[in-house]
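Each chain, letter by letter, is given below.
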Amino acid sequence: MSLSCKEIDKEDLEYFLGDFPHTPFLQSFAWGQFQKQIENKVYRFGVFDSEKLVGVVSAQKVKAKFASFLYVPWGPLIKDWEKQKVEPLLNKLAKIAKEDNLDFVRLEPRVIGGSEAEILERGGFRQSRFFTQPECTSIMNLSKSEEELLSAMSDSTRYNVGMVERKGVKVRIGNSEDIGIFEKLLKETASRHQFTVDIKPGYYRKQYEILSEKGIMKVLVAEYNGQPLAAALVVFYGDTATYLHAASSRTQPKLRAPYLLVWKVMLEGKKRGFKYFDFWGVAPENAGENHPWSGVTSFKMSFGGERICYSPVFDLPTSNKYLFAKFIENIRKPVRKILRLS
């Protein structure tokens, strides 16, 4: 086995990611370009066995208020986890963090087993209970027929989908002009549910501009007589359509537009040939009302998807500030309702 760790180009990265189910768009080249636009430095590299690519990482440098860290969302991605293949990636991440005077490295793999976790822990990583991305989500299999998808819904959700459409609500695919509509609806949603949108100025517009240019994001708007009632930013990438950001108005409370919006997004994903629909975030089972995803969980789960919960987060401390950062996380998490938006 002759291993090397080096920078990776777009073609190799995208080809490698395509082999993973529920293709992780947060590791995509386009997502990295978006991170650069919001001033997060991005590192992309792979592990090669001779000339064969066996593992990849797309990491971003995050400057937070109390600490700065190197963040790997939904990664690293490695075929056939073995210590020899993983160590070059971990060593590279640790080296970058130390050279950039960062306080820790954070890995947020989606699904790894006990042997993989043991490799990380032997490399100095420790488990953390603080997720940046959703800890759990709901996944629908879009290979089912429309009738099967409808039958998987709860009775009330299926009724609402039909009722809203009969009342005359229409869902359309929008353009860049509709990002202003989405942002306005999001502010209204945040105020109504008393959460903070912990995002940089211009975040959504920049995200849409870059990802839509790469062909992997659309904005969809639900309207009644030309009045926007709900909107969503949806990622279409790999084998999965992801309901990434959504917002709604209460100006027509009897017209439950989000139900029809979700259904039309699912149908759009199915029409485009995607295998899965990801609702992007639900609370774990029996999580309680204080969980940041509790408010939307019953709505999302009513469509009949499968709840999937991910592996723990792993941190590698690279400075003494790591313990202080963890202390702050412990204080802030229980008392803030945060809508996590990547």
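Here the structure is shown first, and the text comes after it.
This structure is a prediction, so every number in the text was calculated from the model and none was measured. (Residues numbered from 1 in each chain as written. Predicted model: local features only at pLDDT ≥ 70, side-chain atom pairs only at ≥ 80, totals over all residues. Heavy atoms only, no water.)

**Focus on the overall build of the chain**
Turning to step 1, where the next piece is worked out: Scanning the chain from terminus to terminus reveals eleven helices and 15 strands.
Turning to step 2, where the next piece is worked out: Since a compact globule built from 342 residues should have a radius of gyration of about 20 Å, the 20 Å found for the chain is in line with a globular shape.
Turning to step 3, where the next piece is worked out: Overall, the chain is about 60 × 40 × 40 Å in size when its C-alpha atoms are taken along their principal axes.
Turning to step 4, where the next piece is worked out: Counting across all 342 residues of the chain, residues that qualify as buried make up 52%. (Helix = DSSP H or I, 4+ residues; strand = E, 2+ residues; numbered from the N terminus. Rg over C-alpha atoms; globule rule 2.2 N^0.38 Å. Buried < 20%, exposed > 50% of the residue type's maximum accessible area, 1.4 Å probe, protein only.)

**Things to note about the packing of aromatic side chains**
Turning to step 1, where the next piece is worked out: Under the criterion given, the structure shown has 19 aromatic pairs.
Turning to step 2, where the next piece is worked out: Here the aromatic rings of F25 and W280 are separated by 5.6 Å at their centres, their planes lie at 45°, and the arrangement is tilted. Taken together, the residues F25 in the loop between α1 (10–17) and α2 (29–37) and W280 in the loop between β13 (276–278) and α10 (294–301) connect sequence positions 255 residues apart.
Turning to step 3, where the next piece is worked out: Accessibility expressed as a relative area gives 2% for W280, which makes it buried.
Turning to step 4, where the next piece is worked out: With a centroid separation of 5.4 Å and 85° between ring planes, the pair formed by F299 and F303 is classed as edge-to-face.
Turning to step 5, where the next piece is worked out: Grouping aromatic residues by their ring pairs yields a cluster made of F25, W31, F34, W74, F182, Y203, Y204 and W280.
Turning to step 6, where the next piece is worked out: The lysine or arginine in question, R106, covers the ring of F69, its NZ or CZ lying 5.8 Å from the ring centre. (Phe/Tyr/Trp six-rings, centres within 6.5 Å; stacked < 30°, edge-to-face > 60°. Lys NZ or Arg CZ within 6 Å of the ring centre and 35° of its normal.)

**Focus on the sheet that holds strand β14 (residues 306–309)**
Turning to step 1, where the next piece is worked out: The strand order across the open sheet built from seven strands is β9-β10-β11-β12-β13-β8-β14, with neighbouring strands paired in mixed fashion. In this open sheet, the two strands that pair with only one neighbour each are β9 (170–173) and β14. The sheet shows a mean angle of 30° between the axes of neighbouring strands, taken without regard to direction.
Turning to step 2, where the next piece is worked out: Summarising the sheet, strand β8 (residues 136–141) and β14 pair through four bridges and their orientation is antiparallel. Looking at β14, one finds that T137 is bridged to I308.
Turning to step 3, where the next piece is worked out: Helix-sheet contacts for helix α8 (residues 203–213) involve β10 (217–224), β11 (227–237) and β12 (240–248), and the interaxial angle to β10 is about 120°. (Pairing = 2+ DSSP bridges. Axes fitted to C-alpha atoms, helices over the stretch in contact; angles between N-to-C directions. Contact = heavy atoms within 4.5 Å.)

**A few points about unusual backbone geometry**
Turning to step 1, where the next piece is worked out: Cis peptide bonds are those with omega within 30 degrees of zero, and the linkage from G75 to P76 qualifies with 5°.
Turning to step 2, where the next piece is worked out: Tracing the chain through its elements places P76 in the loop between β4 (68–73) and β5 (77–78).
Turning to step 3, where the next piece is worked out: Positive phi is not limited to glycine here, since N225 has a value of about 50°.
Turning to step 4, where the next piece is worked out: Summarising the element assignment, N225 is placed in the loop between β10 and β11.

**Here's the deal with the pattern of salt bridges**
Turning to step 1, where the next piece is worked out: Inspection of every chain in the model, using the stated rule, returns ten salt bridges.
Turning to step 2, where the next piece is worked out: Put simply, D178 and R172 hold a salt bridge, and the shortest N to O gap is 2.8 Å.
Turning to step 3, where the next piece is worked out: Of the residues examined, D178 reaches a relative accessible area of 5% and is grouped as buried.
Turning to step 4, where the next piece is worked out: A residue is classified by how much of its surface remains accessible, and R172, at 29% relative accessible area, is partly exposed.
Turning to step 5, where the next piece is worked out: Across the pair E223 and R172 runs a salt bridge, and its minimum N-O distance is 3.0 Å. Taken together, the residues span a long stretch of sequence, with E223 in strand β10 and R172 in strand β9 at a distance of 51 residues.
Turning to step 6, where the next piece is worked out: By relative accessible area, which is 16% here, E223 ends up buried.
Turning to step 7, where the next piece is worked out: Put simply, R172, D178 and E223 are held in one network by salt bridges that share partners. (Salt bridge = Lys/Arg side-chain N within 4 Å of Asp/Glu carboxyl O.)

**What to know about the nonpolar core**
Turning to step 1, where the next piece is worked out: Ranked by internal contacts, the top residues of the largest apolar core, which has 39 residues, are F25, W31, V56, L211 and L233.
Turning to step 2, where the next piece is worked out: Going through the elements one at a time, α1, α2, β3 (52–63), α7 (179–193), α8, β10, β11 and β12 are the ones with two or more residues in this core.
Turning to step 3, where the next piece is worked out: No other element matches the five residues that α8 contributes to this core.
Turning to step 4, where the next piece is worked out: When residues no more than four places from it in sequence are discounted, the contact partners of L233 are I179, F182, Y204, Y208, M217, K218, V219, T242, Y243, L244 and H245. (Core = buried A, V, L, I, M, F, W, Y, C linked by side-chain atoms within 4.5 Å.)

**Details of the state of the cysteines**
Turning to step 1, where the next piece is worked out: Taken as a whole and judged by the stated rule, the model has one disulfide.
Turning to step 2, where the next piece is worked out: Between the sulfur atoms of C136 and its disulfide partner C309 the distance amounts to 2.0 Å. Linking C136 and C309, the disulfide has an S-S dihedral of approximately 100° and is accordingly described as right-handed. On the criterion of sequence distance, the pair formed by C136 in strand β8 and C309 in strand β14 is long-range, its members being 173 residues apart.
Turning to step 3, where the next piece is worked out: The exposure class of C136 is buried, given its relative accessible area of 0%. (Disulfide = S-S within 2.5 Å.)

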